[in-house]
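Structural description and commentary
Next come the chains, spelled out residue by residue.
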Amino acid sequence: MTRLEVAACLALAMIGVSSTSYGPAMESFAADFDVSLDHAGVILTLLFLGSIVASAAFAAWFHAYEPRRFMLAGTLLMAVGSAGIGLAPSWGLLLPCLVISGAGGGLVDAGSLTIVTRVSDDVTRSINRLNVGFAVGALAGPLWAGSVLAAHAGARPLVYLGVAGVTLLAAAFTLFSPAVEAHPAAPRHSSPRLTRGALALGLVLFLYVGAEFGLGSWVASYASREFDAGTFSGGLITAGYWGALMVGRLISGWLFQRGMGARQVLLGSIALATMTSAAIAAANESLALAAAAAFATGLAFGPIWPAAMAVAAGKRAANVPAALVTIGNSGGFIFPWLQGRILVSSGASAGIGLSAVLCVGMLLIAWRAPRDPDDPPS
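What counts, and at which threshold
- Residues numbered from 1 in each chain as written.
- Predicted model: local features only at pLDDT ≥ 70, side-chain atom pairs only at ≥ 80, totals over all residues.
- Heavy atoms only, no water.
- Helix = DSSP H or I, 4+ residues; strand = E, 2+ residues; numbered from the N terminus.
- 1 Å grid on protein atoms, 1.4 Å probe; cavity = no way out; pocket = protein on both sides within 12 Å on 5 of 7 lines; lining within 4 Å.
- Points joined across faces, edges and corners; volume = space filled by probe spheres on them.
- Nonpolar A, V, L, I, M, F, W, Y, C, P; charged D, E, K, R; others polar.
- Contact = heavy atoms within 4.5 Å.

For the rest of this paragraph, the subject is unusual backbone geometry. You will see that Asp34, though not glycine, has its phi angle at about 55°, which is positive. Among the secondary structure elements, Asp34 is positioned in the loop between helix H2 (22-32) and helix H3 (37-40).

Below, the structure is given as structure tokens:
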């Protein structure tokens, strides 16, 4: 890996740390600002609103520019937003900080994917490595937030100032990384529209982000409401889910290295995730079974994003990665909030079961997705 690819992995890890810290912290946000749990779910919506706007701007106007600059700007925005989230004295001041942090994440996501498609010899493996970086951060986020909040319920400032601090370190690493020098085979053009196959895979990612992020954000609240699990236990379950997702991405990298096609990995992973996510809601009488099913779902979810991105973006226009990030993250704007509303109004099992419904939709779309002429063989 080049120094620039390492910087991209570190930046993605910061998205993981920041975004997954909200899972064990949702009850704390609701208590701190005296709002209901489903009202606190707007935190997730605003994060994704910022991300969607930033990645859409990158896809439409900025993809031709040097992507390292946007990745650097993204990490700085994430640091500022996280500090604001930690220090915000009121709900009204918290909300713009969430949008700022989300916008930073959107720039990091789009910029880092553009970097690897331009500099890598093997785009599929590089995209997978990038997403392993996210998963490492996603494992650390709930462990950090859950342990700090378990020690002191009012420690929100410490949680998010800590996130801001490590994000600044990632920004410094990016600042001193070299500029992008495109690989000779890298895409050099942009297309005014996506192909039908890429759009279908974008829709898969739209449902996937809703299922993945929704489950990671609400599984701690599910454990609390269904099994009376404490904050630290909820953090452990959340961390186990994200840790399993990291293992899933390591496995998918191993499969790609041995020649398995990205489309095969995608379909197999979604099929497994459909079964395991349904098992979480069905195991509502045993915390151990629910935790095991959450772990298995993380394992199955792990390969989906990098596999879909590799199929859709591996040999296409320069604006495709950012466009797919935008479409995918739009699912995070809708479904995690909806999942929280269902969890509060219809019960914890019904709420957590939404992820299984989204997986069924993913499987149907991925199975029927048209192949484009330049798709890599599966």
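Under the counting rule described, the total for this entry stands at two cavities of 30 Å³ or more. Put simply, the largest cavity is a space of about 360 Å³. Together, 22 residues line the largest cavity, and Ile15, Ser19, Phe48, Asp109 and Phe134 are the ones closest to its centre. Secondary-structure elements contributing two or more residues to the lining of the largest cavity are helix H1 (3-20), helix H4 (42-62), helix H6 (91-119), helix H7 (123-151) and helix H9 (196-227). Tallying contributions element by element places H6 first for the lining of the largest cavity, with five residues. Residues belonging to the lining of the largest cavity are distributed by class as follows: ten nonpolar, nine polar and three charged. Its volume calculated, the second largest cavity comes out at about 40 Å³. Around the second largest cavity sit Val219, Tyr222, Ala223, Phe227, Ile237, Leu287, Ala290, Ala291 and Ala294, which together line it.

What follows covers the side chain of Thr20. Along the chain, Thr20 falls in helix H1. In this structure, Thr20 is in contact with Gly137, Ala138, Gly141, Pro142 and Trp242, ignoring residues within four places of it in sequence.

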